[in-house]
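# A closer look at the structure
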Amino acid sequence: MTQKFRLENGGLINRDKKLSFKFNGKTYYGYEGDTLASALIANGVHLVGRSFKYHRPRGFFGAGVDEPYAIVQLYRNNETEPNIKATEQELFEGLVAKSVNCWPSVNFDIGAINNFLKIFLPAGFYYKTFMWPKSFWYRVYEPFIRKAAGLGVASTKHDKERYEHKYEYCDLLIAGSGPSGLASAYAAAKNGATVILAEDKPRFGGSLLTSDVNIGNQSGEDWANSIISELKEMPNVVVKNRSQVFGYYDHNMLVMSEKVSDHLPKTKKHHPKQRLWYIRAKEVLISSGSIERPLVFGNNDTPGVMLSSAAKEYLKVYGVLVGKNPLVFTNNDSGYETAIEFKKNGVNPIILDSRVNPQSEIIDEAINLGIKIKFSHVVVAAQGYKKVSSADIAKISDDKKQLGAIENINCDCICVSGFWTPTIHLASQSGNKTKFKEEIDAFVPGTSKQKETTLGAANGIFTLEETLKDSFIAGQDLSKKITNNDNKISFPNVVEKKSSQHDKFWCVPMPKGKSYKRFLDFQNDVAVSDIEIALKEGYRSIEHVKRYTTLGMATDQGKTSNLNGLQLVSDIENKVVPAVGHTTFRPPYTPISIGAIVGREVGKHSKPTRKSPMHSWHEKNNAVFVDAGVWLRPRYYKQGSETLFEASKREAKNVRTNVGICDVTTLGKIDIKGPDAAELLNRVYTNAWLKLPVGKARYGVMLREDGIVMDDGTTTRISENHYHMTTTTAQAANVLSHLEYYLQLVWPELNVNVVSTTEQWAGAAIAGPKSRKLLEKLFPNNDVSNEGLPFMGYMESELFGVKARIFRISFSGELAYEVNVESDNGQFMWEKIIELGQEFQVQPYGTEALSTLRIEMGHVAGSELDGRTISYDTSLEGLISKKKDFIGKRSLNREAFNSSDRQKIVGVVPLDKKTSIPEGSHLVKDAQAPLPNKKLGHISASCWSVEHDNPFSLAILKDGKNMIGEKLFVMSPLKNKVIPVEIVSSHYVDPKGERVRS
Amino acid sequence: MLHIKCPHCGMRSQNEFSYGGDASVKRPDLNKEISDEEWDNFVYNRKSLRGKHLELWQHLSGCRQWIKVERDTATHEIFNTYKADEEIS
Ligand SMILES: [Zn+2]
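Conventions adopted
- Residues numbered from 1 in each chain as written.
- Chains lettered and ligands numbered in written order.
- Predicted model: local features only at pLDDT ≥ 70, side-chain atom pairs only at ≥ 80, totals over all residues.
- Heavy atoms only, no water.
- Helix = DSSP H or I, 4+ residues; strand = E, 2+ residues; numbered from the N terminus.
- Buried < 20%, exposed > 50% of the residue type's maximum accessible area, 1.4 Å probe, protein only.
- Areas by Shrake-Rupley, 256 points an atom, 1.4 Å probe, with all protein chains shown as cover.
- Lys, Arg positive; Asp, Glu negative; His and termini not counted.
- Charge placed at Lys NZ, Arg CZ, Asp CG, Glu CD.
- Pairing = 2+ DSSP bridges.
- Axes fitted to C-alpha atoms, helices over the stretch in contact; angles between N-to-C directions.
- Salt bridge = Lys/Arg side-chain N within 4 Å of Asp/Glu carboxyl O.
- Left-handed = near helix turned anticlockwise from the far one by under 90°.
- Contact = heavy atoms within 4.5 Å.
- Nonpolar A, V, L, I, M, F, W, Y, C, P; charged D, E, K, R; others polar.
- Buried area = accessible area lost by both parts, 1.4 Å probe.
- Polar contact = N/O pair within 3.5 Å; in protein donor to acceptor, adjacent residues only side chain to side chain.
- 1 Å grid on protein atoms, 1.4 Å probe; cavity = no way out; pocket = protein on both sides within 12 Å on 5 of 7 lines; lining within 4 Å.
- Points joined across faces, edges and corners; volume = space filled by probe spheres on them.
- Core = buried A, V, L, I, M, F, W, Y, C linked by side-chain atoms within 4.5 Å.
- Phe/Tyr/Trp six-rings, centres within 6.5 Å; stacked < 30°, edge-to-face > 60°.
- Disulfide = S-S within 2.5 Å.

## Description of the overall build of chain B
Along the backbone of chain B there are one helix and six strands. Start at the N end of chain B and walk to the C end: the helices and strands fall as β-β-β-α-β-β-β. By its C-alpha atoms, chain B is 40 × 30 × 25 Å across when sized along the principal axes. Looking at chain B residue by residue over its 89 residues, the buried ones come to 38%. A total accessible area of about 5300 Å² is found for chain B, and carbon and sulfur atoms account for 43% of it. Here chain B carries 13 positive and 15 negative side-chain charges, and the mean point of each set is 6 Å from the other.

Structure, rendered in structure tokens:
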């Protein structure tokens, strides 16, 4: 297939490299340097999709980021991505794309019925419909809309691509590489400032690539290329193309999305697909240019109606004609530039200029070239369904209210120019209160809020000379403030054509007897009539009109529609545009892929993985791991075909009968030193700490100031002014911050230092009746008898030459010890224990057995200390000192904490001694009671008691103290279970605590 | 993302810090008899100010010091930062 609309010469594409691609199943050819849009247009393809609401045919409207129509589903390297703008997607060999929002095909679309059933979908359709009878919505409308609506399909596969995040600092960040971006970057770089220059397109130069100007005796394009080459060589400059600065956040932080590989058939090895840059800039120069405004007339959404600047860009950058019989409809001089480009390439355009008798250099040039111009003329309506085939045109009265006789002329495209809208999104995002500039009928940035300066067209300056002057000076001045250098740059000589005043006209009146759709928002199908309805129905605030009609709420965020919408509201309301005000600009400026936002934080990388020093031993011994916060802990050690249940039962049983060993490295450890260390502990814990002797451990509970239990653990007095605190795995970081808070802010007079030593020590719990025998083997030179190392005792020793700390503490309710060695020796310690423990049938146990052991002995953990319970609830009230004050004590006076039927921890056993009880279930008095059934408490933790060989649970139960022996029901609507249970003591094993002291 | 000047470490990004609430709250002295109202005010009652606010932040992924930050809650402008024990002018 030939590229019938490709010019013989010209453009910035590489004609030596032909590329094949597929669109909607058909193969086409383009060139390297094309976008998907330019290549399709070169092949005469103008029908690319269907509109969102009415499913009207959609073509191309722009040539870049402002494109509202040409959104495609892209297929690349066995992946698919929705919502890709064809005007931004660079062509690569083998590219495959499909239309979206059409069913069954772009040429025959069922949804287009909407176009004839407009009564279904006026402004506020969704709001109104939701108020209709529900059944009608579910049965009739929703299935119909769902089938026909939507913009592409997200892949359900795992995204194999890599996305990166990068943090960068610079003196100046410059967004946009048009004339103002280049000039300011150059001046700042010469002054020695560190500069990042970002361009969203593949090519640098912005408007210089398409305008007929001269800078310093070079064409605009040549000048841009020479500046860019020089900047690229400078060590203090980073120049990035395919990079969109899309968000301006607090404290001068901007975020930029760099499309590293999207233009390639496949991402190169070790390269990311996209990279998100978080840039903290001292100064920001916004040189984002401007976007051409559409003119509004009947059927102005027909494929072939497009921005005149886009038509010019397709011509000059891609060597592509958007039509061979073009009509240019303009209210200013820009349309003439496009017409002249057509003429220079052998195509005869007709210009319709809404102005009465404009005069300027470029109009003279057009006249001299023999271009046919009709002043005071407008397009009333485009004709043609899937592509423009002709236009109804008419003369318009000087007051723009009366149309003359309508004449139909043939054309295959209509290039519209309604003047220019500065791209003020970034400035507005920074907090800049924008102001309306009457001369250009558009908003421009007002007073800077953060360190931002807007230049050139983005600032409403449309002449090159002024733009370059402003930009050189801005670059120079801002960099001078930072670097103190003052390199003067001589301004180049600029040749450009002077423009005449644009016409404030923007919307063609409706001819008598016609009811054309005149669109404002091309992506969301919002027409003039929709805004009229909204205003008639009483909507006044522009923010409300926007939400009611969805004007400007599509993925293009109304880049081409917002101002015309405002203009219409102000016309109807008889207000000036600034009185109507514009809606808020919010980041991102253009859609950003979820992958880029997430970056590397996916799957395993979404959080750090922490492993104990014994991890490789666990792996070798068939441990099945579980996430415990960021730690990976063995859940159980699988033997043969054991299930989790069987293995954990075996492991727990072995602790109760022989001896088990558990990796407890993950426990939080805090080293506390200083003469006031005991005083700190005394204030932090609820029990007394001033008299703990050296070489002894004590169990403690700490509260928050509101009286709720925060954490528990044992703390050991290592020496006179040195303590070793342990916390739960989950609360380790919070407890450290908590201590630091009180030491630094509340009681700075306390002379104490705290530091986390969690990583410094590897820990092994040795638990079971045979644990002392094993300890004797491990530490043959120490007296570890009940007298030598009593319960809650501590000693320092050597484990075969390795420094070790031995604590006699128990979490399992059995005679137990915890041995700590420096982390590097963890594996050595572990293997020694296993080796010497063989004769005592030592077995490792995981977190599942650990839980079983603590649950059946009634030791509380995270599931009971859940941020809602106080000491009483968890039967820790015995540890509350009456004699001293401590954090949270004053809150314990609260009435609710002292009510007579206060909840308390209890044990729960099913009456049939068989049915396991789901955690989180509710306890109720009467299982048959009507809903909502009064909840008396909840199951906090469940296990299979290895001591009694039946299920056992802990529960937090209302008036638990007096409920022992009662029969209740456990209800789990989630698991659809009702279980009759008996309430028992939470101490289901060794209630007197004899074993730990044996 | 805010840019906060830690008085110990210099300018750092917000993601190194954790927020600690109103810095003007003073914990009642230990062992002091106080009314329920006074205690409630300390534990629960906070003003939700619009404008200048003196607040606590901890430089968690840095020097671990608690610092005081004078910030505008509406605009996020940071006027000054102080060490925990610094006199506030
Ligand atoms: Zn710091």
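## Overview of the sheet that holds strand E38 (residues 722-727) of chain A
All names here are of chain A. An order of E36-E37-E38-E35-E39 is seen for the five strands of this open sheet, with the pairing classed as antiparallel. Unpaired on one side and paired on the other, strand E36 (697-703) and strand E39 (753-756) mark the two borders of the sheet. Each strand of the sheet is rotated relative to its neighbour by a mean of 25°, with strand direction disregarded. Sheet topology places strand E37 (residues 709-719) next to E38; four bridges connect them, and they run antiparallel. Paired with Thr715 across the two strands is Met725, which belongs to E38.

## Quick notes on the pattern of salt bridges
All names here are of chain A. Applying the stated criterion to the full structure yields 65 salt bridges over all chains. Salt-bridge contacts for Arg650 lead to Glu651; the nearest nitrogen and oxygen are separated by 3.9 Å. When sorted by exposure, Arg650 lands in the same class as Glu651, which is buried. In this structure, Glu749 and Arg683 form a salt bridge, with 4.0 Å as the shortest nitrogen-oxygen distance. Taken together, the positions of Glu749 in the loop between helix H20 (732-746) and E39 and Arg683 in helix H19 (residues 677-684) put the pair 66 residues apart, joining distant regions of the chain. By relative accessible area, Glu749 is classed as exposed at 53%.

## A short note on the packing of helix H5 (residues 179-190) of chain A against helix H6 (residues 220-233) of chain A
Residue and element names in this part refer to chain A. Axis separation between H5 and H6 bottoms out at 10 Å; the angle between their running directions is 30°. In terms of crossing hand, the pair formed by H5 and H6 is left-handed. Within the contact between the two elements, H5 uses Leu182, Ala183, Ala185, Tyr186, Ala189 and Lys190 and H6 uses Trp223, Ala224, Ile227, Ile228, Glu230 and Leu231. Here the contact of H5 with H6 is built from residues that sort into ten nonpolar, no polar and two charged.

## Description of the interface of chain B and chain A
In this assembly, 27 residues from chain B lie in contact with 29 residues from chain A. Summed over both sides, the interface of chain B with chain A buries roughly 2300 Å², with 51% coming from carbon and sulfur. Inspection of the region where chain B meets chain A yields three salt bridges. When the shortest N-O distance is used, the salt bridge between Glu705(A) and Arg27(B) registers 2.4 Å. For the interface between chain B and chain A, the tally reads 17 residue pairs in polar contact (both at pLDDT 80 or more).

## Regarding the pairing of strand E48 (residues 950-957) of chain A
All names here are of chain A. Across the eight residues that make up E48, a large majority, eight, are buried. The pairing of strand E45 (residues 904-910) with E48 spans five bridges and is classified as antiparallel. For Ile905, the partnering residue across the bridge sits in E48 and is Ile956. Relative to E48, strand E47 (residues 937-945) is paired through eight bridges, and the arrangement is antiparallel. In the sheet register, Ser945 faces E48, and the bridge partner there is Asn950. Between the end of E47 and the start of E48, which pair antiparallel, lie four residues, with Asp949 showing a positive phi angle near 55°.

## Quick look at the environment of Ser756(A)
All names here are of chain A. By the secondary structure assignment, Ser756 is in strand E39. Judged by its relative accessible area of 28%, Ser756 falls in the partly exposed class. Sequence spacing of Ser756 and Pro358 is 398 residues, and the spatial spacing of their C-alpha atoms is 78 Å. If sequence neighbours within four positions are ignored, Ser756 has contacts with Lys669, Ile670 and Leu736. A polar contact of 3.5 Å, which involves the side chain of Ser756, links it to the backbone nitrogen of Thr758.

## Points about empty space enclosed by the protein
Residue and element names in this part refer to chain A. For the structure shown, the criterion picks out eight cavities of 30 Å³ or more. Considering only enclosed or pocket space, the largest cavity measures out at about 200 Å³ in volume. Together, 17 residues line the largest cavity, and Thr421, Pro422, Asn562, Leu563 and Phe585 are the ones closest to its centre. Contributions of two or more residues to the lining of the largest cavity are made by strand E25 (420-422) and helix H14 (562-573).

## Re unusual backbone geometry
All names here are of chain A. With omega at 0°, the peptide bond leading from Pro587 into Pro588 counts as cis. Inspection of the secondary structure puts Pro588 in the loop between helix H15 (577-580) and helix H16 (594-598). Here the residue pair Leu931 and Pro932 is connected by a cis peptide bond, since its omega of -5° sits within 30 degrees of zero. For Asn83, which is not a glycine, the phi torsion comes out positive at approximately 60°. Tracing the backbone through its elements, the reader meets Asn83 in strand E6 (residues 79-85). In this structure Asn83 comes out as partly exposed when scored by relative accessible area, which is 36%. For Ser376, which is not glycine, the phi dihedral falls at a positive 50°. Examined against the element boundaries, Ser376 turns out to sit in the loop between strand E20 (372-375) and strand E21 (377-383).

## Re the nonpolar core
All names here are of chain A. Ranked by internal contacts, the top residues of the largest apolar core, which has 83 residues, are Tyr314, Leu327, Phe329 and Ile414. If sequence neighbours within four positions are ignored, Tyr314 has contacts with Ala37, Ser38, Ile41, Gly62, Ala63, Thr87, Met306, Gly319, Val320 and Val322. By size, the runner-up hydrophobic cluster in this structure holds 33 residues, among which are Leu172, Tyr186, Ala189 and Val237.

## Notes on the packing of aromatic side chains
Enumeration according to the criterion identifies 23 aromatic pairs over all chains in this entry. Judged by centre distance (4.5 Å) and plane angle (35°), the rings of Phe61(A) and Phe522(A) are tilted. With Phe61(A) in the loop between strand E4 (57-58) and strand E5 (71-76) and Phe522(A) in the loop between strand E30 (519-521) and strand E31 (526-527), the pair connects residues that are 461 residues apart, well separated along the chain. Overall, the relative accessible area of 1% leaves Phe61(A) in the buried class. Residue class for Phe522(A) comes out buried when judged on its relative accessible area of 2%. A ring pair is formed by Tyr539(A) and Tyr548(A), whose centres lie 4.0 Å apart and whose planes are at 20°; its orientation type is stacked. Members of the aromatic cluster, joined through ring pairs, are Tyr741(A), Tyr742(A), Trp747(A) and Trp66(B).

## Focus: the state of the cysteines
Residue and element names in this part refer to chain A. For the coordinates displayed, the defined rule picks out zero disulfides over all chains. Distance from the sulfur of Cys413, which forms no disulfide, to the nearest cysteine sulfur (Cys415) is 4.1 Å. No disulfide involves Cys662; its nearest neighbouring cysteine sulfur is the one of Cys943, lying 15 Å away.

## Some points on helix H13 (residues 542-549) of chain A
All names here are of chain A. What H13 keeps buried is the set Ile542, Val545, Lys546, Tyr548 and Thr549. Where H13 begins, one side-chain oxygen reaches toward the backbone nitrogen of Glu543, 3.1 Å away; that side chain belongs to Ser541. Once H13 ends, the next one or two residues include Thr550, with phi positive near 65°.

## Section: the pairing of strand E43 (residues 816-822) of chain A
Residues and elements named next belong to chain A. For E43, the tally of buried residues reaches six of seven residues, placing the bulk of the element in the interior. Relative to E43, strand E40 (residues 761-767) is paired through seven bridges, and the arrangement is antiparallel. Across the sheet, Ala765 pairs through a bridge with Glu818, a residue of E43.

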